[in-house]
Amino acid sequence: MALSTQEIVNKLWNLCNVLRDDGITYHQYLNELTFILFLKMAEETDYNDKLPEGYRWEDLKQKEGVELSTFYRQLLLTLGTESTGNIQKIYNNAQTSISEPANLRKIIKHIDELDWFEAKDEGLGDMYEGLLEKNASEKKSGAGQYFTPRPLINVMVRLMDPKVGERLNDPACGTYGFMIAAHHYILQHNDIYSLTEAQNNFLLNEQYSGCELVGDTHRLAMMNAFLHGMGGNIALGDSLSSYGESVKNIDLVLANPPFGTKKGGDRPTRTDLVYPTSNKQLNFLQAIYRSLHIRGGARAAVVLPDNVLFEDGDGQNVRRDLMEKCNLHTVLRLPTGIFYAAGVKTNVLFFERGTTDKGNTKNVWFYDMRTNMPNFGKRTPFTESYFEDFEKAYTAKDRTSIKDERFKCISRETIAKKNDSLDLGLIADDSITKAEDIGEPIDIAKEALAELTSITEELNAIIKALN
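Here's what I pulled together on the structure shown here.

Each value, and the rule that gives it
- Residues numbered from 1 in each chain as written.
- Predicted model: local features only at pLDDT ≥ 70, side-chain atom pairs only at ≥ 80, totals over all residues.
- Heavy atoms only, no water.
- Buried < 20%, exposed > 50% of the residue type's maximum accessible area, 1.4 Å probe, protein only.
- Axes fitted to C-alpha atoms, helices over the stretch in contact; angles between N-to-C directions.
- Helix = DSSP H or I, 4+ residues; strand = E, 2+ residues; numbered from the N terminus.
- Parallel < 35°, antiparallel > 145°, perpendicular 65-115°, else oblique.
- Contact = heavy atoms within 4.5 Å.
- Nonpolar A, V, L, I, M, F, W, Y, C, P; charged D, E, K, R; others polar.
- Salt bridge = Lys/Arg side-chain N within 4 Å of Asp/Glu carboxyl O.
- Lys, Arg positive; Asp, Glu negative; His and termini not counted.

### Looking at unusual backbone geometry
Move 1: In this structure, Y176 takes a positive phi of about 80 degrees despite not being glycine.
Move 2: Judged by its relative accessible area of 1%, Y176 is buried.

So, in structure tokens, the structure goes:
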């Protein structure tokens with residue numbers, strides 16, 4: 001991100017301090033900012049003619065005081081009900097939490113005074129991604145669960161190598177980060193100007209799709225897609241409901257399904273899952289491999305927590321079904337501390353749907369990026385450079401030629417003998433190894449006793465000498 005864009009991100013984010021007195025949370029602030037920024041961006045990108053006359057940036061910034069508050073509320077209502085397409089989706093059920101007109105006026109004034117020239121040149125989408133990351137990094141916002149670290153997204157996209165003309169989907173898309181990164185990748189690796197009109201239309205309007213359950217997050221995803229020049233083919237709904245059954249024939253899924261269990265232990269309402277369970281991740285995993293076509297080449301990279309790898313019962317059934325229907329070729333054990341939701345142990349499962357439903361997994365390669373790794377955080381940022389050895393191993397023409405203790409192959413037969421558990425592939429932990437080097441407890445006790453005996457003898461000798 002260019003310095004100018006980063007400066008704009010910092011200035012915009014610091015404006016949230018203006019709204020503290022209005023009791024507005026970080027997440028509410030991002031929504032308010034989205035409402036107001038969309039009007040400014042529409043003006044900067046010649047998109048104004050898509051907005052109803054009388055409800056544009058120029059109209060908003062001319063208002064003051066109570067008139068401004070009244071007009072702003074009417075603007076949100078009008079854009080949410082009388083506009084069409086993506087604008088209507090962004091402003092759907094939009095409401096403001098800003099009660100003080102002076103605070104609203106201050107935000108509008110600051111946004112209007114920013115220099116948008118260089119940010120436009122770099123891409124307004126990057127600016128918005130910066131704001132989303134700021135929100136995710138604020139623990140109080142609770143938005144971390146919707147935000148996958150960008151270094152991880154970029155690596156997953158690079159290894160999945162999306163192509164022009166493929167259908168990509170994220171069934172729990174959050175702020176649409178995977179699809180936007182995939183779009184960036186395709187733009188960088190193809191001569192877009194050589195595409196036919198039909199190919200270009202497909203790329204912008206049909207290639208990418210997603211689904212998001214949370215209304216406010218869906219709004220952020222729509223705005224993110226808009227600022228990246230992508231059609232907002234993003235459903236507001238639940239991929240584990242009947243809607244999810246309609247998502248089929250996908251070429252590539254990139255996803256980080258939400259953590260946790262469904263509220264109240266409810267099972268999914270869609271009827272096509274063979275092993276419905278209250279565990280959301282297991283349901284999403286089934287939904288994902290069911291959405292891939294069976295013509296060959298359909299693939300997925302999915303972030304999942306450790307419990308999916310070892311849970312018994314439905315967990316074992318789902319893993320067995322996955323390895324029957326798909327070639328689960330790689331499991332990446334991710335480091336801890338890379339997600340804003342603290343303490344979560346996660347993995348990336350890479351698999352390809354088979355053309356038949358049986359016997360597609362022969363061997364699974366595990367790469368341990370977790371053990372003996374730094375504690376990631378503000379002092380040690382998590383960057384793409386940490387993936388270099390993994391990417392080298394993953395992309396090797398002959399994986400058996402890779403000499404890396406973190407990379408090991410385990411046969412399907414061995415996994416079956418371990419009750420289909422995939423909680424495998426971790427190397428020895430140095431901290432534990434060092435503890436083992438201390439010796440057996442009985443030996444440690446004997447050494448301590450010998451030292452105490454020696455000290456006692458010395459003290460007795462001193463006492464004897466003093467007498």
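There is more to say, and it comes next.
### Things to note about the packing of helix α4 (residues 65–81) against helix α6 (residues 101–113)
Move 1: Packing of α4 against α6 leaves a shortest axis separation of 8 Å and a crossing angle of 75 degrees. In this view, α4 runs roughly perpendicular relative to α6, as classed from their interaxial angle. Residues G65, V66, L68, S69 and Y72 of α4 pack against P101, L104, R105 and I108 of α6.
Move 2: A breakdown of the residues in the contact of α4 with α6 according to their chemical character gives 6 nonpolar, 2 polar and 1 charged.

### Let's talk about the pattern of salt bridges
Move 1: The tally for this structure, following the rule as stated, stands at 24 salt bridges.
Move 2: Through salt bridges with shared partners, one network takes in K40, E43, E44, E58, K61 and D112.

### Points about the side chain of R319
Move 1: Locating R319 in the fold gives a position in helix α15 (residues 314–325).
Move 2: Within the buried core, R319 has no salt-bridge partner, and the shortest N-O distance to an opposite charge, that of D312, equals 5.0 Å.

### Quick word on the environment of D306
Move 1: Here D306 is to be found in the loop between β5 (299–305) and α14 (307–310).
Move 2: Relative accessible area serves as the criterion here: at 12%, D306 is assigned to the buried category.
Move 3: Along the primary structure D306 and V348 are separated by 42 residues, whereas in three dimensions their C-alpha atoms are 10.0 Å apart.

### As for the environment of M41
Move 1: Within the element layout of this structure, M41 appears in helix α2 (residues 26–44).
Move 2: Looking at M41, the relative accessible area reads 0%, which means it is buried.
Move 3: In contact with M41, other than residues within four places in its own chain, are W116, L124, M127, M223, F226 and L227.

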